[in-house]
Amino acid sequence: MEYGGRSMFGNLLRERRRTIAVRGLTEATLSGTSAFDRFVSAAASAFLAPMAAVSLIHDETQNIAAGYGFPVGCMPRNDSFCTFTIKQGSVLECCDPEADPRFAALPAVRGEPHVRYYIGAPLRLLSGIEVGALCVVDTVRRQAASDDQKAYLAGLARQAALMLESRRDLRGNAA
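Rules and cut-offs
Residues numbered from 1 in each chain as written. Predicted model: local features only at pLDDT ≥ 70, side-chain atom pairs only at ≥ 80, totals over all residues. Heavy atoms only, no water. Buried < 20%, exposed > 50% of the residue type's maximum accessible area, 1.4 Å probe, protein only. Helix = DSSP H or I, 4+ residues; strand = E, 2+ residues; numbered from the N terminus. Pairing = 2+ DSSP bridges.

Colleague: Whenever I open this one, helix 2 (residues 37-47) confuses me. Can you help?
Modeller: Because each turn of an α-helix spans 3.6 residues, side chains separated by three or four positions end up pointing in the same direction. Every buried residue belonging to helix 2 is among F39, V40, A42, A43, A44 and F47, and all of these are buried. One or two residues past the end of helix 2 sits L48, with phi positive at roughly 50°.

Colleague: I keep staring at the pairing of strand 3 (residues 51-58) and nothing clicks. Help me out?
Modeller: Residues in a regular strand point their side chains to alternate faces of the sheet. Across the 8 residues that make up strand 3, a large majority, 8, are buried. Neither face of strand 3 is exposed, since M51, A53, S55 and I57 on one face and A52, V54, L56 and H58 on the opposite face are all buried. Two strands pair when backbone bridges link them, and strand 3 and strand 8 (residues 130-138) are joined in this way by 6 bridges, in the antiparallel orientation. Bridge pairing links L56 to G132 in strand 8. Where strand 3 and strand 4 (residues 61-68) come together, 7 bridges link them in antiparallel fashion. Paired with H58 across the strands is T61, a residue of strand 4. The turn linking strand 3 back onto strand 4 is made up of 2 residues, and D59 within it adopts a positive phi angle of 45°.

These figures come from the coordinates and say nothing about function on their own.
So, in structure tokens, the structure goes:
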């Protein structure tokens with residue numbers, strides 16, 4: 001049986017690998033989330049946007065590890081744009097979430113903060129597992145980002161993923 005171009009078993013295996021990877025990262029990343037503030041600040045600045053975040057996604061949860069313009073914390077994975085970003089595996093942009101059937105019913109679109117623009121790049125570990133996203137959010141509709149902006153966001157996401165792994169590795173070697 002196929003699901004989204006992949007077998008159901010393949011999806012289950014991918015989710016299991018993501019959960020194991022994120023659990024291995026969580027302790028190391030949550031103890032020093034301020035290290036990721038520079039990524040969200042740089043992303044928000046590059047897009048002149050009021051909000052940006054680094055999120056980790058596993059099981060049924062999205063954990064905002066660092067935020068610019070919105071709070072750090074957890075939310076249900078099914079309520080998040082970033083879930084779609086990791087499924088796509090590349091930069092995902094939505095210039096009008098109210099008109100997009102994937103996003104129109106999300107609580108953040110229908111209510112506060114009234115998201116009207118989203119762009120996110122997956123945080124991909126060296127093993128190839130996408131564990132979250134670096135995203136930029138706005139409360140006004142926007143034109144599509146330039147190729148340079150998309151490449152910049154993807155580059156920041158790669159740097160953030162490398163930092164996640166290096167923090168995990170350092171913590172593992174110190175234990």
